[in-house]
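Listed below, chain by chain, are the residues.
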Amino acid sequence: MKLISYNLRKNKAARELSVLAERHDIDVLCLQEADTESLAPEIGELRLISATTQNRLGLALYARHERFTIHEARSFSLKKSMHDRILQPAHERLLAARVTDTEKGHDFVVASFHAAPLTALNSLRRHQINAALERLDLLGPGLPSLMVGDYNYPVFQQRLMLEMSDLGYDLSLSDARTYARYRMFTGHYDFATSTGFAVNGVNTLPQGVSDHLPILIEAEPKLVPIAA
């Protein structure tokens, strides 16, 4: 299974999605900072599963409609930063779906995540990440889960990796930096967090008009039988 996660920078990169989906033959597309009211219902073979409705900077999920059956999709609010309280860019920072892969014969949970910006502390972002993972387990108890997106976590990543490992999750960084707007803030911002998945690669794709570079994740859930 191949996924792309992309922060569209206030929807400016939306016009790139069709080319990305076709070029990389992806199965799932996870978006951040999307204008969800203007998103296309379909992008090639991908169909819009769900999108947030309360955000100025929204989240969206697309999936290959011939391969996946969507059982439930939900958005979640997470603990707010001061930036959120003042500017209110995002009430919902997690969008997740419980999915059956009819081709491979298993269920899993996939999610698009957007952490608080750099004006917040890493401790708040860790709180958001932990809370998001709890929501995924509630959506699909015991199922493999894969959460991708903009974690806004360019420094002290080793601590985050250790904390994720203690919770039973793997944190996967891409092979090259994913943010390029300001030289002093460049680094790895866009990650994948998983449990019950074998993540075979996370690659940074060439930059488009967004300040974030899209990442391509190749992952395979460890087999969990489809629920009766």
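Below you will find a few notes about this structure. Note that the coordinates shown come from a computational prediction; the quantities given were computed from them, not determined experimentally.

The rules we used
Residues numbered from 1 in each chain as written. Predicted model: local features only at pLDDT ≥ 70, side-chain atom pairs only at ≥ 80, totals over all residues. Heavy atoms only, no water. Pairing = 2+ DSSP bridges. Helix = DSSP H or I, 4+ residues; strand = E, 2+ residues; numbered from the N terminus. Axes fitted to C-alpha atoms, helices over the stretch in contact; angles between N-to-C directions. Contact = heavy atoms within 4.5 Å. Phe/Tyr/Trp six-rings, centres within 6.5 Å; stacked < 30°, edge-to-face > 60°. Buried < 20%, exposed > 50% of the residue type's maximum accessible area, 1.4 Å probe, protein only. Arc of directions from axis to C-beta. Polar contact = N/O pair within 3.5 Å; in protein donor to acceptor, adjacent residues only side chain to side chain.

## Section: the sheet that holds strand β8 (residues 106-114)
Note: strands within a sheet are paired through backbone hydrogen bonds, in either parallel or antiparallel orientation. One open sheet holds the six strands; their spatial order is β6-β7-β8-β9-β11-β10, and the pairing between them is mixed. Because the sheet does not close on itself, it has two edges, and the strands there are β6 (68-77) and β10 (170-172). Adjacent strand axes in the sheet meet at a mean angle of 20°, parallel and antiparallel pairs treated alike. One ladder, built from eight bridges, connects strand β7 (residues 92-101) with β8; its direction is antiparallel. Of the residues in β8, the one forming a bridge with A97 is V110. Packing of helix α3 (residues 122-139) onto the sheet brings it into contact with β6, β7, β8, β9 (145-150) and β11 (190-195), and relative to β7 it is tilted by some 30°.

## Section: the packing of aromatic side chains
Evaluated as defined, the whole model comprises five aromatic pairs. When the ring of F108 is compared with that of F197, the centres are 5.9 Å apart and the planes differ by 90°; the resulting orientation is edge-to-face. Of this pair, F108 sits in strand β8 while F197 sits in strand β12 (residues 197-204), placing them 89 residues apart in sequence. Looking at F108, the relative accessible area reads 1%, which means it is buried. Between F113 and Y151, the ring centres sit 5.0 Å apart and the planes meet at 65°, which makes this aromatic pair edge-to-face. Here Y151 lies in the loop between β9 and α4 (157-166) and F113 lies in strand β8, a separation of 38 residues in the sequence. For the pair formed by F113 and Y151, the shared burial category is buried. Among the aromatic side chains, those forming a connected cluster through ring pairs are F68, F108 and F197.

## A closer look at α4
Turning to α4, its buried residues are Q157, L160 and M164. For α4, the buried positions fall inside an angular range of 55° around the axis, keeping them on one side. Projecting away from the buried face of α4 at angles above 90 degrees are the exposed residues Q158, R159, L162 and D166. In this fold, the buried residues of α4 make contact with α3, β10 and β11. The first or second residue beyond α4 is G168, which carries a positive phi of 90°.

## So, the side chain of N152
Counting through the fold element by element, N152 comes out in the loop between β9 and α4. A distance of 3.2 Å separates a polar atom in the side chain of N152 from the backbone oxygen of A115. Those residues in contact with N152 that lie beyond four places of it in its chain are H114, A115, A116, P117, L118, R125 and Y189.

## Section: the side chain of S145
Tracing the chain through its elements places S145 in strand β9. S145 gets classed as buried once you look at its relative accessible area, which sits at 3%. Sequence-distant contacts of S145, that is, excluding residues within four places in its chain, are made with V109, L136, Y169, T193, S194, T195 and F197.

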